[in-house]
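Per-entry structural report
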Amino acid sequence: IISYCNLDKSDKTFWLLDSFDGFDMSQLSNREQVLRSEEQFKDVLGFVKKKFLTNKCVSIVKGFVPESLENVSSKNFCFAHIDMNASYPEKEALKYIFPRLEKGGVIVFDDYGHAGHEEQKEAIDKVAHSFGRIVTCLPTGQGILFK
């Protein structure tokens, strides 16, 4: 996306929000705790920083959603890719981003239609419906929402 849209030569910011150190197990439902591991995705901040070292448009925010959303200075968004493998932070991210999404903007949900992520789909659908929207499930298992 950064390369294709030439974001480094724009005034756009590509925000990366993550704990970069695994899950906050207190945010997971009982079922999600069984399916996820505290050790998944641990200690990856160094890798991510190295990956985007030359991209001036990238802003990395370490922390758990929804609290880390307070560190995003952008007021409007044209694209979001939500992939936290947990229903609570994903629905909170959607509640935060959708009202700030530009008309024609897109949100992609990574695990929307995949087995083991049913709680995420249900939570996302409920929030989308509150905005009068329906998420479309793609053949890849991802969900897509347009404004």
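As shown above, the structure is provided for reference.
An account of the accompanying structure is given in this report. (Residues numbered from 1 in each chain as written. Predicted model: local features only at pLDDT ≥ 70, side-chain atom pairs only at ≥ 80, totals over all residues. Heavy atoms only, no water.)

1. Quick notes on the layout of surface pockets
For the record, the criterion: For each structure, a 1 Å grid was placed over the protein atoms alone; sets of points admitting a 1.4 Å probe that cannot get out are labelled cavities, open sets with protein on both sides within 12 Å along at least five of seven lines are labelled pockets, and lining residues have an atom within 4 Å of a point. Grid points are joined across faces, edges and corners, and a volume is the space filled by probe spheres set on the points. Strands are runs of DSSP state E lasting at least 2 residues, helices are runs of H or I lasting at least 4, and numbering of each runs from the N terminus. Residue classes follow a fixed rule: Ala, Val, Leu, Ile, Met, Phe, Trp, Tyr, Cys and Pro count as nonpolar, while Asp, Glu, Lys and Arg count as charged, and any other residue, Gly among them, counts as polar.
Its volume calculated, the largest pocket comes out at about 1300 Å³. What lines the largest pocket is a set of 45 residues, and nearest its centre among them are Trp 15, Leu 16, Leu 17, His 81 and Ile 82. If one sorts the elements of the lining of the largest pocket by residue count, strand β3 (residues 77-82) sits on top with 6 residues. For the lining of the largest pocket, the residue count by class is 30 nonpolar, 9 polar and 6 charged.

2. So, the packing of aromatic side chains
As a reminder of what qualifies: Only Phe, Tyr and Trp rings take part, Trp by its six-membered ring, and two of them pair if their centres are within 6.5 Å. Stacked means planes under 30 degrees apart, edge-to-face means over 60, and tilted covers everything else. Lysine and arginine charges are scored as sitting over a ring when NZ or CZ, respectively, is within 6 Å of the ring centre and within 35 degrees of the ring normal.
Inspection of the entire model under this criterion finds 3 aromatic pairs. One residue, Arg 100, lies across the ring of Tyr 96, its end atom 3.8 Å from the ring centre. Cation over ring: Lys 147 sits above Phe 98, and NZ or CZ is 4.9 Å from the ring centre.

3. Quick word on helix α4 (residues 118-130)
Put simply, the rule reads: Each helix should span, by expectation, one fewer than its residue count multiplied by 1.5 Å.
In a regular helix each residue adds 1.5 Å, so 13 residues correspond to 18 Å; α4 covers 19 Å between its end C-alpha atoms and thus fits that length. Downstream of α4 by a residue or two, Gly 132 has a phi angle that is positive, lying close to 70 degrees.

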